[in-house]
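What follows is each chain in one-letter form.
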Amino acid sequence: MVLFSDMKKDIHPADYRQVIFEDVTSGKRFLIGSTISTEKTDKWEDKKEYPLVQIEISSASHPFYTGQSKTIDTAGRVEKFKTRLSKAKGKK
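This structure is a prediction, so every number in the text was calculated from the model and none was measured. (Residues numbered from 1 in each chain as written. Predicted model: local features only at pLDDT ≥ 70, side-chain atom pairs only at ≥ 80, totals over all residues. Heavy atoms only, no water.)

### Digging into the overall build of the protein
Just so we agree on the cut-off: Helix and strand assignments come from DSSP, with helices taken as H or I runs of at least 4 residues and strands as E runs of at least 2, each series counted from the N terminus. Accessible area is worked out with a 1.4 Å probe on protein chains only. A residue is then buried under 20% of its type maximum, exposed over 50%, and partly exposed in between. Contacts: residue pairs with any heavy atoms within 4.5 Å of one another. Surface exposure here means Shrake-Rupley accessible area, sampled with a 1.4 Å probe, where a residue is shielded only by the protein chains that are shown.
On a plain count of helices and strands, the protein comes out with two helices and four strands. Moving toward the C terminus, one meets the helices and strands of the protein in the order β-β-β-β-α-α. Looking at the protein as a whole, 17% of its 92 residues qualify as buried. Taking the intrachain contacts of the protein between residues at least 6 apart in sequence as the baseline, contacts between residues at least 24 apart amount to 32%. For the protein, the computed accessible surface area is about 7500 Å², with 53% contributed by carbon and sulfur atoms.

### Description of the sheet that holds strand 4 (residues 49-55)
Definition in use: When DSSP finds two or more bridges between a pair of strands, those strands are recorded as paired. Axes here refer to lines fitted to C-alpha atoms; in helices the fit is confined to the stretch in contact. Angles between the N-to-C directions go from 0 to 180 degrees.
Across the sheet, which stays open at both edges, the four strands sit in the order 2-1-4-3 with mixed pairing between neighbours. If you trace the sheet from one side to the other, it starts and ends with strand 2 (29-34) and strand 3 (41-43), each paired once. In this sheet, adjacent strand axes meet at a mean angle of 45 degrees when their direction is disregarded. Pairing of strand 1 (residues 17-23) with strand 4, which is carried by four bridges, proceeds in the parallel orientation.

### A short note on the nonpolar core
Here is the rule we go by: We call a set of buried residues a nonpolar core when its members are Ala, Val, Leu, Ile, Met, Phe, Trp, Tyr or Cys and they connect through side-chain atoms within 4.5 Å of each other.
The biggest cluster of nonpolar side chains holds five residues, and these are I20, L31, W44, Y50 and L52. Once you skip the residues sitting within four places of it in the chain, I20 turns out to touch R29, F30, L31, D42, K43, W44, Y50, P51, L52 and V53.

### Focus on the side chain of D23
The topology assignment puts D23 in strand 1. For D23, a relative accessible area of 0% corresponds to the buried category. For D23, the contacting residues outside a window of four places in its chain are K28, I55, E56, I57, S58, A60 and S61.

### A closer look at the side chain of E22
Defined as follows: A 3.5 Å cut-off defines polar contacts: any pair of N or O atoms within that distance qualifies, except that in protein one atom must be a possible hydrogen donor and the other a possible acceptor, and neighbouring residues in sequence count only when both atoms are side-chain atoms.
For E22, the position within the fold is in strand 1. Exposure remark for E22: the relative accessible area of 16% places this residue in the buried category. A distance of 3.0 Å separates the side chain of E22 from the side chain of Q54, its partner in a polar contact. Contact partners of E22, with chain neighbours within four places excluded, come to K28, R29, L52, V53, Q54 and I55.

Everything listed here is a matter of coordinates, which is why it stays silent on function.
Written out as structure tokens, the structure is:
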């Protein structure tokens with residue numbers, strides 16, 4: 001793990017800090033250096049509190065990395081597609 005004290009001085013933005021990225025699909029969490037802004041915070045394994053960013057897909061849930069294919073539908077896109085498909089089949 002790279003510590004902030006190991007980084008070169010004066011080359012990173014002032015708001016660069018450790019951030020927890022949580023994959024809401026798999027539940028996996030990553031502690032990574034980032035400048036992303038967020039209002040949420042949570043505790044990490046070291047009992048310290050860090051900013052929290054929730055993401056829908058990461059290497060822990062993406063089929064390319066997991067080797068498993070599954071449908072992830074958070075915006076209703078699959079249902080909209082099925083509705084359009086059934087309407088198109090009805091026109092034939």
